[in-house]
Number of protein chains: 2
Amino acid sequence: MEKPTILLIGTCDTKLPELLYTISQCPDSTNILLMDVGRTPTLHPLISIQHPDLTTTTTTKENKENEETKNNGEVIRKEEEYKSLPRTTYIQKISNHATTTTADLYKAGRIHAILSLGGSCGTNIATAAMRQGVPVGFPKLMVSTMASGDVSSYIEETDITLMYSVVDVAGGNWILKRVLGNALFGAVGMALREFTFQKDRIGRDVEGSVGKNGGDGGDGGKKRVGVTMFGVTTPCVDVIRERLEREYGAEVYVFHATGAGGKAMERLVREGQIDAVVDLTTSEVVDELMGGVLSAGPARLEAAAKKGIPQVVSVGACEMANFGPPSTIPPRYEGRVLYEHNPTVTLVRANAEESRQIARFIAEKLRTFAVRPDLIRLVLPTGGISMVDVPGQSFYDPEVDEVLFSTIEKELQGSGISITRDPRHINDPDFATSVADMLGGMITSM
Amino acid sequence: MEKPTILLIGTCDTKLPELLYTISQCPDSTNILLMDVGRTPTLHPLISIQHPDLTTTTTTKENKENEETKNNGEVIRKEEEYKSLPRTTYIQKISNHATTTTADLYKAGRIHAILSLGGSCGTNIATAAMRQGVPVGFPKLMVSTMASGDVSSYIEETDITLMYSVVDVAGGNWILKRVLGNALFGAVGMALREFTFQKDRIGRDVEGSVGKNGGDGGDGGKKRVGVTMFGVTTPCVDVIRERLEREYGAEVYVFHATGAGGKAMERLVREGQIDAVVDLTTSEVVDELMGGVLSAGPARLEAAAKKGIPQVVSVGACEMANFGPPSTIPPRYEGRVLYEHNPTVTLVRANAEESRQIARFIAEKLRTFAVRPDLIRLVLPTGGISMVDVPGQSFYDPEVDEVLFSTIEKELQGSGISITRDPRHINDPDFATSVADMLGGMITSM
């Protein structure tokens with residue numbers, strides 16, 4: 001009988017006892033596939049997905065010469081390919097291998113959760129496969145010695161679940177057994193949920209993403225709209241959300257423009273899990289260009305353009321870069337207008353030259369990657385682009401904002417992307433309503 | 001019939017729809033108790049553990065005057081106590097309340113997992129209850145908008161499982177539903193494991209900790225020994241572990257001296273989950289005193305002394321403070337001997353004055369908190385205290401080490417704690433064997 005199946009990823013050369021303990025605790029209701037991603041291959045009957053050094057097809061003459069036939073008839077190369085690599089190259093290469101294998105298993109509907117356990121090296125490899133091999137929403141749980149610190153490089157914009165191992169993932173002690181048992185049963189529960197979900201699904205979309213509910217959008221076929229928000233644009237987003245939900249029957253996903261948030265939205269767009277976007281708060285671009293702490297990387301604004309989905313883009317909070325306490329602000333910003341949001345968050349006001357660069361970044365991304373420029377609306381609230389960019393507030397600077405606006409207009413000339421100037425400020429409820437209606441008009445005709 | 005029960009902690013004033021959605025997905029096999037930790041109380045039939053403002057007994061006359069009887073007969077105070085508090089005070093106070101309630105439920109055997117979902121505020125409150133209300137090993141899962149960054153303040157030295165929500169925890173969108181569904185089923189699985197575990201247990205130890213297997217130590221009544229390790233003391237720890245396991249039938253728990261590691265060991269000692277300690281690598285003290293990045297806080301070395309369990313203490317890696325890249329080393333250490341372990345880890349060699357302070361810290365903790373000084377053995381490997389503190393290595397400095405050794409000896413005079421000088425260096429296998437035997441002798445007579 002078909003059962004929920006957990007893909008268990010581990011470096012079998014160093015963690016085999018812990019992996020086997022985990023398998024031994026698995027209830028009959030659930031299957032486990034063990035994938036070996038160690039540096040050197042391990043032979044064990046419970047390893048379902050063998051190390052690539054044991055399975056890679058080798059057809060050239062040169063490689064043939066490096067093979068020998070083992071007693072049990074398996075072909076093993078004399079020079080272990082991965083073993084001879086430098087550590088970082090090994091991690092990179094085996095991560096790619098694990099990602100491909102994981103993606104294949106996922107697309108074939110053969111797995112319902114991913115579980116892994118490891119130290120620094122194992123966490124790197126397994127979370128790469130979790131991030132790149134399966135979409136957001138698919139269960140993924142990592143037991144790690146590295147889970148009580150800065151975990152952003154492991155998680156990025158995904159829903160990887162991290163469990164701190166407390167003790168070293170080595171040896172069969174009682175604490176580790178309890179932690180591994182909890183992790184296994186967590187994965188068993190999640191796999192059951194995913195198994196039921198996959199069975200209930202009517203179909204898959206073209207890319208095999210499980211995000212679409214029967215390929216028909218969100219709950220009951222609703223259009224799924226991503227909206228980017230920041231504290232200083234929250235009043236606008238509240239109105240947009242409410243209007244899109246009430247007037248257009250949309251399902252709204254709000255993403256905080258914190259770096260991870262913008263990346264998460266772009267990932268969900270790529271995965272086909274979001275149908276349209278109100279990219280109101282593009283301030284992660286400022287952090288990317290000014291060295292702030294909330295950058296979403298250099299690929300921001302590409303996903304929706306490439307996907308050709310309807311989007312309204314604006315320049316919310318595009319006058320501010322985010323830093324930590326004042327002492328962490330780079331010396332090059334000395335003398336700038338600062339805004340101390342709280343003891344750990346300080347904002348730097350962008351100047352005219354920076355605003356020009358911000359405008360160019362946004363315009364260039366849209367112009368370069370838009371496959372459907374007719375579905376992109378750029379809207380510029382000339383009355384102010386954040387809560388602190390209005391008369392009487394410290395970041396209010398219409399002259400610098402004008403550089404931002406006019407540069408965008410200039411750079412997008414002839415692109416086929418429509419641009420609107422709106423004299424109201426971004427948090428004016430009527431501005432927000434007009435933005436919602438702009439997108440609403442596009443999604444109702446989808 | 002008795003069922004596995006999940007304690008669901010949430011701020012019902014802001015997250016009620018998401019909490020109710022989670023409850024609605026729960027399979028019949030499992031119960032959910034919903035605890036309200038919001039700023040303002042919420043009345044809802046599915047809230048099992050009401051907000052303290054609704055339930056706090058008020059007996060003084062002054063308080064009586066602030067009460068009114070509601071239509072449904074419930075007594076509610078006119079001035080909501082928590083609502084009127086500043087945000088940070090509210091978080092602190094409600095966290096304490098949630099911790100106490102959680103601990104009571106746990107001790108009564110009424111819960112088998114804790115689940116929570118929230119933003120920054122909710123994550124603060126719920127993880128405090130998870131850290132302080134239940135021991136390591138008890139399942140705890142937090143869905144949080146804050147889970148893709150530095151999570152150390154939420155996790156500390158515990159096995160809290162964190163799931164990044166990807167989208168804002170608000171609204172009923174498809175992604176959030178998948179994330180919450182996965183989290184719920186993860187908790188369902190873990191609660192089943194814990195439920196079975198609690199049923200199988202013969203008894204509890206005095207404090208109600210579930211860590212002890214029938215109150216008799218580790219698997220099969222083995223003595224559970226914590227050992228602190230660092231890269232530069234690994235050869236020593238490998239020998240100690242192997243010898244304790246083979247010759248003394250101990251179950252060994254290795255903790256990396258990374259701050260979280262030392263804290264984890266001390267917590268498990270407090271919880272009665274560790275029976276004896278080889279605190280070989282006390283270098284977290286150096287980071288605490290010199291401002292390094294791997295401090296375990298000012299309470300390091302207290303737990304085992306207070307608990308009166310057998311321990312061998314040494315000064316492994318007590319000549320080095322850990323920092324990030326060279327640029328992050330405080331200017332006061334300019335001109336010091338540095339050791340670049342890798343691009344992100346740089347070590348600073350302690351000088352004589354710092355070594356004196358390190359020695360005083362260790363001695364003072366043991367002297368002040370030892371309830372059984374006769375069960376403490378301090379051992380000083382005068383041949384060198386780490387892999388890089390041996391002749392020919394850059395941190396080798398016998399004169400400075402002598403300050404460390406002699407200060408400890410002086411400060412512990414008359415304490416009843418035995419001190420041994422051993423001329424070998426710390427990674428000498430014979431030194432390691434003698435350390436293992438020193439502890440082994442104490443635990444066999446327990």
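Residues numbered from 1 in each chain as written. Chains lettered and ligands numbered in written order. Predicted model: local features only at pLDDT ≥ 70, side-chain atom pairs only at ≥ 80, totals over all residues. Heavy atoms only, no water.

## Details of the pattern of salt bridges
All names here are of chain A.
1) Next: Taken as a whole and judged by the stated rule, the model has 50 salt bridges over all chains.
2) Next: When the shortest N-O distance is used, the salt bridge between glutamate 411 and arginine 360 registers 3.5 Å. With glutamate 411 in helix H13 (residues 398–411) and arginine 360 in helix H12 (residues 352–369), the pair connects residues that are 51 residues apart, well separated along the chain.
3) Next: Glutamate 411 gets classed as partly exposed once you look at its relative accessible area, which sits at 21%. (Salt bridge = Lys/Arg side-chain N within 4 Å of Asp/Glu carboxyl O. Helix = DSSP H or I, 4+ residues; strand = E, 2+ residues; numbered from the N terminus. Buried < 20%, exposed > 50% of the residue type's maximum accessible area, 1.4 Å probe, protein only.)

## Topic: the sheet that holds strand E6 (residues 113–118) of chain B
1) Next: A sheet is described by the order of its strands in space; here twelve strands give the open sequence E3(A)-E2(A)-E1(A)-E6(A)-E7(A)-E8(A)-E8(B)-E7(B)-E6(B)-E1(B)-E2(B)-E3(B), paired in mixed fashion. Every interior strand has two partners, whereas the edge strands, strand E3 (47–49) of chain A together with strand E3 (47–49) of chain B, have only one. Averaged over all pairs of adjacent strands, the angle between their axes in this sheet comes to 30°, without regard to strand direction.
2) Next: Packed onto the sheet, helix H4 (residues 87–107) of chain B meets strand E1 (5–10), strand E2 (31–36), E3 and E6 of chain B and runs at close to 155° relative to E2(B).
3) Next: On the sheet, helix H7 (residues 174–200) of chain B packs against strand E8 (161–164) of chain A together with E1, E2, E6, strand E7 (140–144) and strand E8 (161–164) of chain B and is oriented at approximately 175° with respect to E7(B). (Pairing = 2+ DSSP bridges. Axes fitted to C-alpha atoms, helices over the stretch in contact; angles between N-to-C directions. Contact = heavy atoms within 4.5 Å.)

## Points about the packing of aromatic side chains
1) Next: Counting across every chain of the model gives ten aromatic pairs over all chains.
2) Next: Taken together, a centroid distance of 6.5 Å and an interplanar angle of 85° make the contact between Tyr82(B) and Tyr90(B) edge-to-face. Judged on exposure class, the residue Tyr82(B) and its partner Tyr90(B) are both buried.
3) Next: Above the plane of the ring of Phe197(B) lies Arg178(A), whose end atom (NZ or CZ) is 4.0 Å from the centre. (Phe/Tyr/Trp six-rings, centres within 6.5 Å; stacked < 30°, edge-to-face > 60°. Lys NZ or Arg CZ within 6 Å of the ring centre and 35° of its normal.)

## Details of the environment of Leu338(B)
Residues and elements named next belong to chain B.
1) Next: Assignment of secondary structure puts leucine 338 in strand E14 (residues 338–342).
2) Next: For the pair leucine 338 and alanine 350, spaced twelve residues apart in sequence, the C-alpha separation works out to 9.9 Å.
3) Next: Residues within four places of leucine 338 in sequence aside, it is in contact with Ile329, Thr346, Leu347, Val348 and Phe395.

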